[in-house]
Amino acid sequence: MSPSPARSAAEHLDVLVVGAGLSGIGAARYLRTELPSKSFAILEARQASGGTWDLFRYPGIRSDSDLHTFGYAFKPWRGEQSIADGPRILDYLRQTAAENGIDAHIRYHHKVLGASWSTDEARWTVDVERTDTGERTTLTCGWLFCAGGYYRYDEGFTPRFEGLDRFAGPVVHPQHWPEELDHAGKRVVVIGSGATAVTLVPAMAGTAAHVTMLQRTPTYVMPIARTDVVADALKKYLGGRRGHALSRRKNITRQRLGWGFCRRFPKTARRVIRWVNTRQLPAGYPVDEHFNPPYDPWDQRLCAVPDGDLFRAIREGRASVVTDRITTFTERGVLLESGRELAADVVVTATGLNLQAFGGLRLTVDGREVRPSDTLAYKGVMLSGVPNFAFAIGYTNSSWTLKIDLLSRYFCRLLAHLDAHGHDSCRPEPADPGMATRPFLDFGAGYVRRGVDSLPRQGDRTPWLTSMNYHDDVGLLGSGSIADPELVFSRATARTGATV
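Residues numbered from 1 in each chain as written. Predicted model: local features only at pLDDT ≥ 70, side-chain atom pairs only at ≥ 80, totals over all residues. Heavy atoms only, no water.

## Some words on the sheet that holds strand β16 (residues 341-343)
One open sheet holds the 3 strands; their spatial order is β14-β15-β16, and the pairing between them is antiparallel. Each edge of the sheet is formed by a strand with only one pairing partner; in this case those strands are β14 (326-329) and β16. Direction aside, neighbouring strands of the sheet carry axes that sit 25° apart on average. Pairing geometry for strand β15 (residues 333-336) and β16, over 3 bridges, is antiparallel. Counterpart to G333 in the pairing with β16 is A343. (Pairing = 2+ DSSP bridges. Helix = DSSP H or I, 4+ residues; strand = E, 2+ residues; numbered from the N terminus. Axes fitted to C-alpha atoms, helices over the stretch in contact; angles between N-to-C directions.)

## Looking at helix α9 (residues 266-280)
For α9, spanning 15 residues, the distance from its first C-alpha to its last is 21 Å, which sits close to the expected 21 Å at 1.5 Å a residue. Listing the buried residues of α9 in full gives A269, I273, V276 and N277. Burial along α9 is one-sided: seen end-on, the buried residues are contained in an arc of 100°. Projecting away from the buried face of α9 at angles above 90 degrees are the exposed residues K267, R271, W275 and R279. Elements in contact with the buried residues of α9: β11 (221-224), α8 (240-264), α10 (287-291) and α11 (309-315). (Expected span 1.5 Å × (residues − 1). Buried < 20%, exposed > 50% of the residue type's maximum accessible area, 1.4 Å probe, protein only. Arc of directions from axis to C-beta. Contact = heavy atoms within 4.5 Å.)

## A word on the environment of L113
Counting through the fold element by element, L113 comes out in strand β4 (residues 110-118). You can call L113 buried: its relative accessible area is 15%. Put simply, L113 and M435 are 322 residues apart on the chain and 32 Å apart in space, counted from C-alpha to C-alpha.

## Here we look at the nonpolar core
By size, the foremost hydrophobic cluster in this structure holds 130 residues, and its most contacted members are W124, L144, F145, V190, F291, F389 and L414. Of all the elements, helix α12 (residues 400-420) adds the most residues to this core, at 11 residues. Once residues lying within four places of it in the same chain are set aside, the contact partners of F291 are P218, T219, V221, N277, L281, Y285, L310, F311, I314 and V321. Ranked by size, the runner-up nonpolar core spans 12 residues in total, among them F167, I191, L214 and V334. (Core = buried A, V, L, I, M, F, W, Y, C linked by side-chain atoms within 4.5 Å.)

## Some words on the confidence of the model for the chain
The share of residues in the chain with pLDDT of 70 or more is 96%, and the mean pLDDT across the chain is 93. This stretch, residues 1-8, has a pLDDT under 50; its non-local contacts, to residues over four places away or in other chains, come to 11 contacts. Long-range and interchain partners of residues 496-500, a stretch whose pLDDT sits below 50, account for 12 contacts in this model, where long-range means more than four residues apart. (pLDDT = per-residue confidence, 0-100.)

Given below as structure tokens:
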């Protein structure tokens, strides 16, 4: 069966990377250095690179992971801040792209709508829309690498609030922060208690009349030093590259020990966190009402606050926390179930994200639609029954990029294995179709609970168990054998008719 004229005319690439954010830039760098003969492009629906770090513009935007682990293994973090703000992270990403020749491979305003796989031809046909002109184009590729994370870029999550249209002031979601918004001297209510809310509150409290964080349920919050004095010393005396490597190793160990302690000794961890909170807050502050969640530490992600800035804003009276439920919005603010009304000039709905599997692109394999929720994740990188498709999703319990580095290198090793053995494609297939499964993200955050059914699932054993442990993944992804009885390798049937 020969390719159709339309497909012959379409540009063909060895690898098509979807998304020019943290994951896409990292994957592209490994492709360039480890497989320099491979042709590739990065398709980015927006007009700029950086992904999350270009999209989010709200006050105080920052990472809550240290940049020695949130940055790439191959590019030392040289900034003064270990917990860095968004503009510095964006500069770092764009420097990485420029230094590694990635910019020339990025095609902006290119949104991937769907992709169809042909086993006969061992290639994807990819439908692309130009977001600036509306033009539709087609590309083909040997591999599709989805680097868009797992949430929707075009909308955040805002629950339905009674009476919202009555409120006289602006209501904004952090995912779509208006540049012209001026909150100086105004009363601000931030609805939410997650990482975005605890970032916004101290940042806005610097110029607002007062900022109130309104939450239904408390979150675990811990202060963390904005600078890493040990890392700075290591880089000063051992040099940037070696000092970065040791700092990265140190912080990986610290993250794993902290997470492991919380999971193994949750009651003790709860007491430790409460003790730290008590020392950070004013005497007599109702810690249990506002900072003592009903769940164990790390059932949801623990929120880090650099240099305790949230606690400092509360101590200084510039911010406060209210734990209650909203009955309705009023013209002047928010009426709570307790009967209290919070006066507000500006309301920020830091109420979370919407999950979306693989950027919402539609996949078909030989005419059969792929439903992500019907698939199993293989090593947290590929999908059962879907050939030549890989995706990049990082850790939820430590720095995202730690896993991106590992899976990108694994992806390159996989492609090299195919070339070395004369294969055109591979697809994961579970040896035990009746294996017990569970959600891909085994995590209690609200945005995960709302959308987890749209994501793939994971199994109860390797290689179908999605690891959230860096040291385990070093073996599984970093040095483990590519050959696997549950990974089926094939040659294009149009040429050989053979399956291996």
